[in-house]
Amino acid sequence: MTVALHIENLTRRFNDLVAVNNISFDIEHGEIFGLLGPNGAGKTTTLSMLSTMLKPTSGRATVNGIDIEHDEDGVRKSIGIVFQDQSLDEELTAWENMDFHGRLYRIPADIRKQRITELLKLVELEDRKNDIVKTFSGGMRRRLEIARGLLHHPSVLFLDEPTLGLDPQTRNHLWQYIATLAREKGITIILTTHYMEEADRLCNRVAIIDHGKIIALDTPKNLKDGIGGDVVTIRSPDPAAIVAALTEPWITRVEQHNDEVIVSLQNAEQHISTIVTLLTAKQVPIKSIAIHKPTLEDVFLSFTGKTIREEDADHKTNMRMYQRMVRH
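Residues numbered from 1 in each chain as written. Predicted model: local features only at pLDDT ≥ 70, side-chain atom pairs only at ≥ 80, totals over all residues. Heavy atoms only, no water.

A. Seen up close, the overall build of the protein chain. Within the protein chain one finds 12 helices and 14 strands. When its C-alpha atoms are laid out on the principal axes, the protein chain stretches across 75 × 50 × 45 Å. Burial status across the protein chain gives 47% buried among its 328 residues. At a minimum sequence separation of 6, the contacts of the protein chain that also span at least 24 residues come to 68%. If you sum the accessible surface of the protein chain, you get close to 16000 Å²; carbon and sulfur atoms cover 49% of it. Averaged over its 39 positive side-chain charges, the protein chain has a centre that lies 3 Å from the centre of its 46 negative ones. (Helix = DSSP H or I, 4+ residues; strand = E, 2+ residues; numbered from the N terminus. Buried < 20%, exposed > 50% of the residue type's maximum accessible area, 1.4 Å probe, protein only. Contact = heavy atoms within 4.5 Å. Areas by Shrake-Rupley, 256 points an atom, 1.4 Å probe, with all protein chains shown as cover. Lys, Arg positive; Asp, Glu negative; His and termini not counted. Charge placed at Lys NZ, Arg CZ, Asp CG, Glu CD.)

Here it is, written out as structure tokens:
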């Protein structure tokens, strides 16, 4: 397959803050590629550079062979973007939002009308085409934004947290649309997300980004297989006692996170009774215990030593500290 995006040593600094730190990777044509990480990891900044909305501090990148700094217009003609924040005009109808976008791209009237009809049908909004957007649900607005992003026939579509704030049912619905676009339209899709299930279900490959660096990149299956075995999650009012008690040679990793202890091992079903016996003998209280196969959350934990939720919390604290420093 041919390369749709080439990223080489891409870096972006904001004063002393390194938002994106020397990242490099390629994305193939027709691929659904995920940038997975907590809030503030550098996902949106990366998308902003690749879509020419933000200039890199250093490094380079090409989209469809077009350099993002030397030919911004060329890049913009070949991409579509669905932003994290809504950018629809709520006082216009679905059709009018689409039509206005098509006029900006100078799509001839007859072609514009045909494409709008096709795309509204694709996202199941054909019967709402004359309704004002402010009457739409969050999921309907997201679908309309995706349709609008496809109107000028981009070969690359950027989706920044496309299902953020949506209920699980609507999120699943949108996942189906995204997968269909890549499969039937041959569009290269780059999405950012901090939903592990979203990246696992949708993406051909995933780059896990944390503190501006790519810490892992592979297919979701290969990333999970890299951990191996099973994962046992134990909740307890005394998690430190669990960590101290579980020292058996068949346990490959033990990590404490708040009131949870994450245990990695092979053949968990064979060892679960032994774990319970060990903890009971040492009078360690157990709230709950569960077994599952490795997830992308476990992959993130393996590479960073933290869960993605803890990284989100750390980022919020760091941002508050940074804002105080700026004010003073």
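Picking up where we left off.
B. Focus on the pattern of salt bridges. Counted under the stated rule, the structure contains 17 salt bridges. Across the salt bridge formed by arginine 60 and glutamate 8, the nearest N and O atoms sit 3.6 Å from each other. With arginine 60 in strand 4 (residues 58-63) and glutamate 8 in strand 1 (residues 3-14), this pair connects stretches of sequence that are 52 residues apart. Assessed through its relative accessible area of 36%, arginine 60 is described here as partly exposed. A salt bridge links lysine 221 to aspartate 225; the nearest nitrogen and oxygen atoms lie 2.7 Å apart. In this pair, lysine 221 and aspartate 225 are both assigned in helix 8 (residues 220-227), 4 residues apart and thus about one turn of the helix distant. Looking at lysine 221, the relative accessible area reads 55%, which means it is exposed. Residue class for aspartate 225 comes out partly exposed when judged on its relative accessible area of 45%. Put simply, Glu8, Arg60 and Asp67 are held in one network by salt bridges that share partners. (Salt bridge = Lys/Arg side-chain N within 4 Å of Asp/Glu carboxyl O.)

C. Molecular detail of the packing of helix 8 against helix 11 (residues 296-304). Where helix 8 meets helix 11, the axes come as close as 9 Å, and the angle between the chain directions of the two elements is 60°. Relative to helix 11, the element helix 8 lies oblique. Viewed along their axes, helix 8 and helix 11 form a crossing whose handedness is left-handed. Residues Pro220, Leu223, Lys224 and Ile227 of helix 8 pack against Leu296, Asp298, Val299 and Ser302 of helix 11. Here the contact of helix 8 with helix 11 is built from residues that sort into 5 nonpolar, 1 polar and 2 charged. (Axes fitted to C-alpha atoms, helices over the stretch in contact; angles between N-to-C directions. Parallel < 35°, antiparallel > 145°, perpendicular 65-115°, else oblique. Left-handed = near helix turned anticlockwise from the far one by under 90°. Nonpolar A, V, L, I, M, F, W, Y, C, P; charged D, E, K, R; others polar.)

D. Up close: the layout of surface pockets. Taken as a whole, the second largest pocket encloses approximately 410 Å³ of empty space. Along its surface, the second largest pocket is lined by 18 residues, and Arg76, Ile79, His101, Tyr105 and His152 are the ones closest to its centre. Here the lining of the second largest pocket is built from residues that sort into 6 nonpolar, 7 polar and 5 charged. (1 Å grid on protein atoms, 1.4 Å probe; cavity = no way out; pocket = protein on both sides within 12 Å on 5 of 7 lines; lining within 4 Å. Points joined across faces, edges and corners; volume = space filled by probe spheres on them.)

E. Focus on the nonpolar core. Counting residues in hydrophobic clusters, the biggest one holds 45 residues, and the most contacted among them are Met98, Leu144, Leu159, Ile189 and Ile208. Ranked by residues supplied to this core, first place goes to helix 6 (residues 168-185) with 6 residues. Setting aside residues no more than four positions away along its own chain, isoleucine 189 makes contact with Glu31, Ile32, Phe33, Leu157, Leu159, Ile178, Leu181 and Ala182. If you look at the next biggest cluster of nonpolar residues, it comprises 22 residues, including Leu5, Phe33, Val63 and Ile79. (Core = buried A, V, L, I, M, F, W, Y, C linked by side-chain atoms within 4.5 Å.)

F. Structural detail: the pairing of strand 7 (residues 156-160). In terms of residue burial, strand 7 counts as a mostly covered element, since 5 of its 5 residues are buried. Residues Val156, Phe158 and Asp160 of strand 7 are buried on one face, and the alternating residues Leu157 and Leu159, pointing to the opposite face, are buried as well. Summarising the sheet, strand 6 (residues 79-82) and strand 7 pair through 4 bridges and their orientation is parallel. The residue bridging isoleucine 79 from the neighbouring strand is valine 156, located in strand 7. Where strand 7 and strand 8 (residues 188-193) come together, 5 bridges link them in parallel fashion. By the bridge assignment, leucine 157 is partnered in strand 8 with isoleucine 189. A crossover links strand 7 with its parallel partner strand 8, the connecting element being helix 6, and its sense is right-handed. (Pairing = 2+ DSSP bridges. Right-handed = clockwise from strand over helix to strand, strands pointing away.)

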